[in-house]
Amino acid sequence: MTAPTKPPHNGPSDPARTAASPGGPGTSGTGADTGAPASGVPLHAPVVDWFAEHARDLPWRRPEAGAWGVMVSEFMLQQTPVSRVLPVYEQWLARWPRPADLAAEAPGEAVRAWGRLGYPRRALRLHGAAAAITERHGGDVPSDHAQLLALPGIGEYTAAAVASFAYGQRHAVLDTNVRRVLARAVTGVQYPPNATTAAERKLARALLPDDEAEAARWAAASMELGALVCTAKNESCHRCPIAGRCAWRLAGKPAHDGPPRRGQTYAGTDRQVRGRLLAVLREQPGPVPQAALDQVWHEPVQRARALDGLVADGLVEPLADGLYRLPLG
Ligand code: SF4
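Remember, predicted model here, so these are calculated numbers, not experimental data.

Draft legend 1. Representation of the nonpolar core. With 88 residues, the main nonpolar core has Val 72, Val 162 and Ala 185 as its most contacted residues. Of the residues that make up this core, three or more belong to each of domain 1 (1-264) and domain 2 (270-325).

Draft legend 2. Looking closely at the site of the ligand. Inspection of the region around the ligand gives 14 residues, with Cys 230, Cys 237, Cys 240, Ala 243 and Cys 246 positioned closest. Of all the secondary-structure elements, those providing two or more residues to the shell around the ligand are helix H10 (176-187) and helix H13 (247-250). Residue contributions to the shell around the ligand peak at 3 residues, all from H10. Counted by class, the shell around the ligand contains 10 nonpolar, 1 polar and 3 charged residues.

Draft legend 3. Layout of the sheet that holds strand S1 (residues 288-289). Spatially, 3 strands are ordered S1-S3-S2 in an open sheet, and the strand pairing comes out antiparallel. Of all strands in the sheet, those with a lone pairing partner are S1 and strand S2 (317-318), marking the two edges. Bridge count between S2 and strand S3 (residues 323-325): 2 bridges; the pairing is antiparallel. Residue pairing for S3: Glu 317 is matched across the bridge by Arg 325.

What counts, and at which threshold
Residues numbered from 1 in each chain as written. Predicted model: local features only at pLDDT ≥ 70, side-chain atom pairs only at ≥ 80, totals over all residues. Core = buried A, V, L, I, M, F, W, Y, C linked by C-beta atoms within 7 Å. Buried ≥ 20, exposed ≤ 12 C-beta atoms within 10 Å, placed from the backbone. Domains from an automatic or database assignment. Near = placed C-beta within 6 Å. Helix = DSSP H or I, 4+ residues; strand = E, 2+ residues; numbered from the N terminus. Nonpolar A, V, L, I, M, F, W, Y, C, P; charged D, E, K, R; others polar. Pairing = 2+ DSSP bridges.

Here you go:
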C-alpha cells in the first residue's frame, strides 16, 4: 500500500499545525458570494485547536490504519455510529489488511462480515472498490481525488474524505455532522437541507483554509465537533470553541422552519425484513432453503418484496430448488 501521509485527523498526536492563513478563504470567501454572515468567520483555527485536545482516539485515525483503513472506516461510518462500527472494523482489517485480500474473496463474504452494520450494499461496493484498486492501482489506494472518484462505489464524499484524511489533501468533506455545524455556525439555521445543496458545497469550499494540511485538519475537526458537541439532538454550546461567533446561537436559536426532517424509522419497514433475511444467510455457511427464510417475517407479501430487493441488489443469489445464498461473484 502506498504509505499515506500522516492522517490529519489524529487529534492529540498531531504535530503542531501550521498557522491558519489569516487572509485565506476562511476569512474572505464568505459574505455575499457564499451567503455566510460575517459572524461565521474565521472558524477553522479554534475548531482545529479544540480537536487537538478533544479528538477521540479511533483506530482509523492512527497512522497504521493507512489509506485502506481510512477507506473502510468511511464506508462503514456513513450511516452507522462509531460504537457499532468499531468491532466490525477491527475484524475486517484483521481479515483483510489490504484491498487485494478482500478482492480475493467472494463478495458474499464481505456481506457476511458486514454483520449488522446496516445498509449492506455498502459491503458490496467496498468489495467492488477493493477489486478495482487491485486491478488498476496495484493494490494501493490511490491518492488522486479523480482516481478515487473513478472507483466503483466511491462518491464525492468518500473520495474527498479518503484524500483528506489519508493523504492530507485540501478538500471540502461534507458529511452530516459538518453540514450541521456549518448550517448553525455560519448560515444561522438549526438544520441543513435534507440533501446536500450546491450552496452548501460552495460554502464549504469557501471556508477551506488555504494551507493543505490545515484544510485536512479542519475537515476532521469540524466533523468531530458535529459528532461530539454540535449534535443533532443536543447542541452543547457551553463546550463549543466557536460559540462566540455561531450565527444560529447569536440569533437566539430560531426554530427549524424548513421542510420536515427525514425520519429514521426501522421497525416494520422493508429494511428490517431485509436485515432479518440477510442475518439467516450470514449465519449459514452454505445455501439456505426458502422455508428457513419464511420464518423471519410473518407477512408474505412484504417478505417476498424484501427478498426480491436483496436479489435485485446483488446481495443474495437465488439457486435452483428454492435455495438462496450470499453472492459468490
Ligand atoms: S455554538 Fe452551539 S449551535 Fe453553534 S456550532 Fe457550537 S454547539 Fe453548534
